[in-house]
Amino acid sequence: MGPRGRPGGRPGPATCREKTPPRGGGGGGPPPPPPRRRRPAPSARRSGWTPWLYLLPALVLLGGLLVYPIYQLGLISFLEYTQAQVSGGEPATFQGFGNYATLFGDGQFWQVLLATVVFAAACVLATLLAGCALAVLLTRIRAVPRLALMLAALGAWATPAITGSTVWVFLFDPDFGPVNRVLGLGDFSWTYGRYSAFALVLLEVLWCSFPFVMVTVYAGIRAIPAEVLEAAALDGASQWRIWRSVMAPMLRPILVVVTIQSIIWDFKIFTQIYVMTNGGGIAGQNLVLNVYAYQKAFASSQYSLGSAIGVVMLVILLAVTLVHLRLTRRQGEEL
């Protein structure tokens, strides 16, 4: 028997040729087709909609609470809507961008917008400085003082804005407030002057806002490896240099988030200004956009102008929110 019929014998050349797969370009036949991609199973395709199904009740609730009021706000801003239209004495007429033209042509609007931007920037800067400084202090003190400071800060943070504003007005009252007596200011009125009133409101905003920055930055500092800070201290770096060159770059994502969050909160401030300056100060010297819109809409019954101011604020805050989301997503990708 030949090699092919011999049990356990070597395969002959014909056998090798039969078992060798043909190679493309060698005349041995067409190349094998590429492997087909498997379609995902129906269950795998349906799983992409699962998160949205869980979010659907919340989206419906938020849509009812936000979408319809925003629609009404935008609609009224394009109409002539005063007390006559509210009472039904006259029909509402379409004005187009007439209310916005009136608003942008009013010099007081630009003064209030500038005051709002400057005041919000001062509040954000003061809040960040105080919050970061106290966060670093929390890492340097013992457990008992740290707990006392944390409880005091969280108490200030949890206090309602109207309650805190009323307490601060009493503390700085020219007749009965203890602050003027301690400082020897006599009957000095903090709410009479424009800048002193803004400074008083800034202190109250700082008092109720710094705990958020302090707690958030403190949590970020605790997440920094201790070896990094010890190495910087052994190299002879001061506390300010350690913060500026080591902590701040590592805490940049957290600092960006708390900064933008503080901008959103302080730009739309209403309660503190309205309560502490009695509706915007003498002759409207302490007006901000939210209080200005309230006065236009309810004090002057110009609901269309008040709605137009609300739309302008909505656009500004929406732009800040989009920047916030973009930076948050970018930092998430970096982490």
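Residues numbered from 1 in each chain as written. Predicted model: local features only at pLDDT ≥ 70, side-chain atom pairs only at ≥ 80, totals over all residues. Heavy atoms only, no water.

**Re the overall build of the protein chain**
For the protein chain, the count of helices and strands is 16 helices and two strands. Put simply, the protein chain has 335 residues, and 32% of those count as buried. Counted over contacts in the protein chain with a minimum sequence separation of 6, partners at least 24 positions apart contribute 65%. In the structure as shown, the protein chain presents an accessible area of about 21,500 Å², 66% of it carried by carbon and sulfur atoms. (Helix = DSSP H or I, 4+ residues; strand = E, 2+ residues; numbered from the N terminus. Buried < 20%, exposed > 50% of the residue type's maximum accessible area, 1.4 Å probe, protein only. Contact = heavy atoms within 4.5 Å. Areas by Shrake-Rupley, 256 points an atom, 1.4 Å probe, with all protein chains shown as cover.)

**Considering the packing of aromatic side chains**
On inspection of all chains with the given rule, the structure shows 22 aromatic pairs. A centroid spacing of 5.4 Å and a plane angle of 80° characterise the contact between Tyr274 and Tyr294, whose relative ring orientation is edge-to-face. Taken together, the residues span a long stretch of sequence, with Tyr274 in helix H14 (residues 271-276) and Tyr294 in helix H15 (residues 289-299) at a distance of 20 residues. Using a relative accessible area of 33% as the deciding quantity, one classes Tyr274 as partly exposed. (Phe/Tyr/Trp six-rings, centres within 6.5 Å; stacked < 30°, edge-to-face > 60°.)

**Side note on the nonpolar core**
The biggest cluster of nonpolar side chains holds 62 residues, and the ones touching the most others in it are Val217, Ile221, Trp243, Met247, Leu251 and Leu289. Residues in contact with Val217, not counting those within four places in the same chain, are Cys132, Ala135, Trp243, Leu251 and Leu255. (Core = buried A, V, L, I, M, F, W, Y, C linked by side-chain atoms within 4.5 Å.)

**Some points on the packing of helix H10 (residues 194-222) against helix H13 (residues 252-267)**
Look at H10 against H13: their axes get within 10 Å of each other, and the N-to-C directions meet at 160°. By the angle between their axes, H10 is roughly antiparallel relative to H13. At the point where H10 passes H13, the crossing takes the right-handed sense. Here H10 contributes Val205, Ser209, Phe212, Val213, Thr216, Val217 and Gly220 to the contact with H13, which in turn contributes Ile254, Leu255, Val258, Gln261, Ser262, Trp265 and Asp266. A breakdown of the residues in the contact of H10 with H13 according to their chemical character gives eight nonpolar, five polar and one charged. (Axes fitted to C-alpha atoms, helices over the stretch in contact; angles between N-to-C directions. Parallel < 35°, antiparallel > 145°, perpendicular 65-115°, else oblique. Left-handed = near helix turned anticlockwise from the far one by under 90°. Nonpolar A, V, L, I, M, F, W, Y, C, P; charged D, E, K, R; others polar.)

**Examining the confidence of the model for the protein chain**
Summarising the model, the protein chain shows a mean pLDDT of 84, and 84% of its residues fall at 70 or more. A low-confidence stretch, residues 1-20 stays under pLDDT 50, and its non-local contacts, those more than four residues away or across chains, total five contacts. (pLDDT = per-residue confidence, 0-100.)

**Side note on helix H3 (residues 50-77)**
With 28 residues, H3 extends 39 Å from end C-alpha to end C-alpha; this agrees with the ideal 40 Å at 1.5 Å per step. Taking the largest bend as the criterion, H3 deviates by roughly 45°, centred on Leu56, and proline Pro57 comes between one and four positions later. Every buried residue of H3 is listed here: Gly74, Ile76 and Ser77. (Expected span 1.5 Å × (residues − 1). Bend = angle between axes of the 7 residues up to and from the residue.)

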